[in-house]
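# Observations on chain architecture
So you can see what is in the structure, the chains are spelled out below.
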Amino acid sequence: MPRAQTADVAVQATDLSLARSGQRIVDGVSFTLAHGATLTVMGPTGSGKSSLAAVLAGRPDGDLAVVGGEAIVQGISARRPGRAVRTLTYLAGYLPQGAGATLPSRLTVAEVIGEPITSRDRRVNGRALAVRVATLLDELQLPLGAAQKYPYELSAGMRQRVAMARALVLDPRLLVADDVYANLDIEVRGAVREAILRRRASYGMSAFIVTNDPDAARELDADVLVLRSGHVVAYGASADAMLWTPDEASEQRSVVR
């Protein structure tokens, strides 16, 4: 059953700044992501998109840190989550960049998808978990026989959908997805899109999507935020109607085509 909302909005970022190994990579980013809404984040390589996504999902690596401002994610501070980080990683499903290529090779697909549940509750009902995994496989147009295979036995597109199923298995309040359509053809891309829209309509899941594909923003009816060198250079209600900073007209041509 969907959980109750935990905050007035899904994400409230205020003057958020991030640094890696002492070097600032995101500087003064502010935005609001409402419950049931989608925000797509665009920008060139090195603009800070993936680092921002990792922090919001509660999964920053060892040398990535919040050094200024704040982001409240589902009512939890991303800057100082403390013990609440476990709750944050429960409420926020995460699809990192290159997720399909980094799935655990020693786990079966069923074990990979179910790991967010089994890592929290070793006494989980095995039959109920198998049904949940099978439902996700079917929803994302993966054969049920894939459950007992290992990731290296699957194609790149299938592995990407396995990673997506893993991100959705806990029915997250917020989906943070980095390059969500990587390695997907048109048909299965539609299945992933519908999985996001279905949860948004069903229980108000919000989505923070890193992509440089303007079609993704249109398909998901998403707001768009554009980063360059860690700074916000544009924002709008769609990829076609964005407000750009006066000195970044060239960025519009290079990021949104």
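Described in the following lines is the structure provided in the data block. (Residues numbered from 1 in each chain as written. Predicted model: local features only at pLDDT ≥ 70, side-chain atom pairs only at ≥ 80, totals over all residues. Heavy atoms only, no water.)

## Quick notes on unusual backbone geometry
Not every positive phi belongs to a glycine, and Gln-74 is a case in point at roughly 50°. Relative to the elements of secondary structure, Gln-74 occurs in the loop between β4 (64-73) and β5 (76-77). When its relative accessible area of 2% is taken as the criterion, Gln-74 is described as buried. Notably, Gln-141 is not glycine yet its phi reads approximately 60°, a positive angle. Inspection of the secondary structure puts Gln-141 in the loop between α4 (126-139) and α5 (156-168). The class of Gln-141 is partly exposed, set by a relative accessible area of 38%. (Helix = DSSP H or I, 4+ residues; strand = E, 2+ residues; numbered from the N terminus. Buried < 20%, exposed > 50% of the residue type's maximum accessible area, 1.4 Å probe, protein only.)

## Comments concerning the pattern of salt bridges
Per the stated rule, a full pass over the model turns up 11 salt bridges. Put simply, Arg-198 and Glu-139 hold a salt bridge, and the shortest N to O gap is 2.4 Å. Here Arg-198, found in helix α6 (residues 186-203), pairs with Glu-139, found in helix α4; they are 59 residues apart in sequence, far enough to count as distant. Of the residues examined, Arg-198 reaches a relative accessible area of 44% and is grouped as partly exposed. On the accessibility criterion, Glu-139 (17% relative accessible area) is buried. With a shortest N-O distance of 3.6 Å, Arg-193 and Glu-219 are connected by a salt bridge. With Arg-193 in helix α6 and Glu-219 in helix α7 (residues 214-219), this pair connects stretches of sequence that are 26 residues apart. A relative accessible area of 29% means that Glu-219 is categorised as partly exposed. Look at the salt bridges and you will find they share partners, linking Arg-189, Arg-193, Glu-194, Asp-213 and Glu-219 into a network. (Salt bridge = Lys/Arg side-chain N within 4 Å of Asp/Glu carboxyl O.)

## Comments concerning the packing of aromatic side chains
Here the structure, examined in full by the defined rule, presents two aromatic pairs. On the basis of an interplanar angle of 10° and a centroid distance of 5.9 Å, the ring pair of Tyr-150 and Tyr-152 is categorised as stacked. On the basis of relative accessibility, which here comes to 30%, the residue Tyr-150 falls in the partly exposed class. Residue Tyr-152 is classed as exposed on the basis of its relative accessible area, which comes to 59%. (Phe/Tyr/Trp six-rings, centres within 6.5 Å; stacked < 30°, edge-to-face > 60°.)

## A closer look at helix α1 (residues 49-56)
The buried fraction of α1 amounts to seven of the eight residues, a majority that puts the element mostly inside the structure. Listed in full, the buried residues belonging to α1 are Lys-49, Ser-51, Leu-52, Ala-53, Ala-54, Val-55 and Leu-56. Two residues or fewer past α1, Gly-58 is found with a positive phi of approximately 75°.

## Observations regarding the nonpolar core
One finds Ile-113, Met-164, Leu-175, Val-180 and Ile-196 to be the most contacted residues of the largest nonpolar core, which totals 43 residues. Among the elements of the structure, α3 (109-118), α4, α5, β7 (174-178), α6 and β8 (206-210) are those that each provide at least two residues to this core. At seven residues, the largest contribution of residues to this core is made by α5. Discounting chain neighbours no more than four positions away, the residues touching Met-164 are Leu-95, Leu-140, Leu-175, Val-180, Val-192 and Ile-196. (Core = buried A, V, L, I, M, F, W, Y, C linked by side-chain atoms within 4.5 Å. Contact = heavy atoms within 4.5 Å.)

## Describing the environment of Ala-84
Here Ala-84 shows up in the loop between β5 and α2 (85-91). Residue classification places Ala-84 among the partly exposed residues on the basis of a relative accessible area of 26%. As for Ala-84 and Gly-58, which are separated by 26 residues in sequence, their C-alpha atoms are 9.7 Å apart.

## What to know about the sheet that holds β4
If you walk across this open sheet you meet the four strands as β2-β1-β4-β5, and the pairing is antiparallel. Edge positions in the sheet fall to β2 (23-33) and β5, since each of these pairs with one other strand and no more. Sheet topology note: the strand β1 (residues 11-20)/β2 ladder contains seven bridges and is antiparallel. The residue of β2 that forms the bridge with Gln-12 is Thr-32. (Pairing = 2+ DSSP bridges.)

## Focus on the side chain of Arg-161
Of note, Arg-161 is situated in helix α5. Of the side chains bearing the opposite charge, Asp-185 lies closest to the buried Arg-161, which forms no salt bridge; the N-O distance is 6.3 Å. Leaving out residues up to four positions away in the same chain, Arg-161 has contacts with Leu-140, Gln-141, Leu-142, Leu-184, Val-188 and Val-192. (Lys, Arg positive; Asp, Glu negative; His and termini not counted.)

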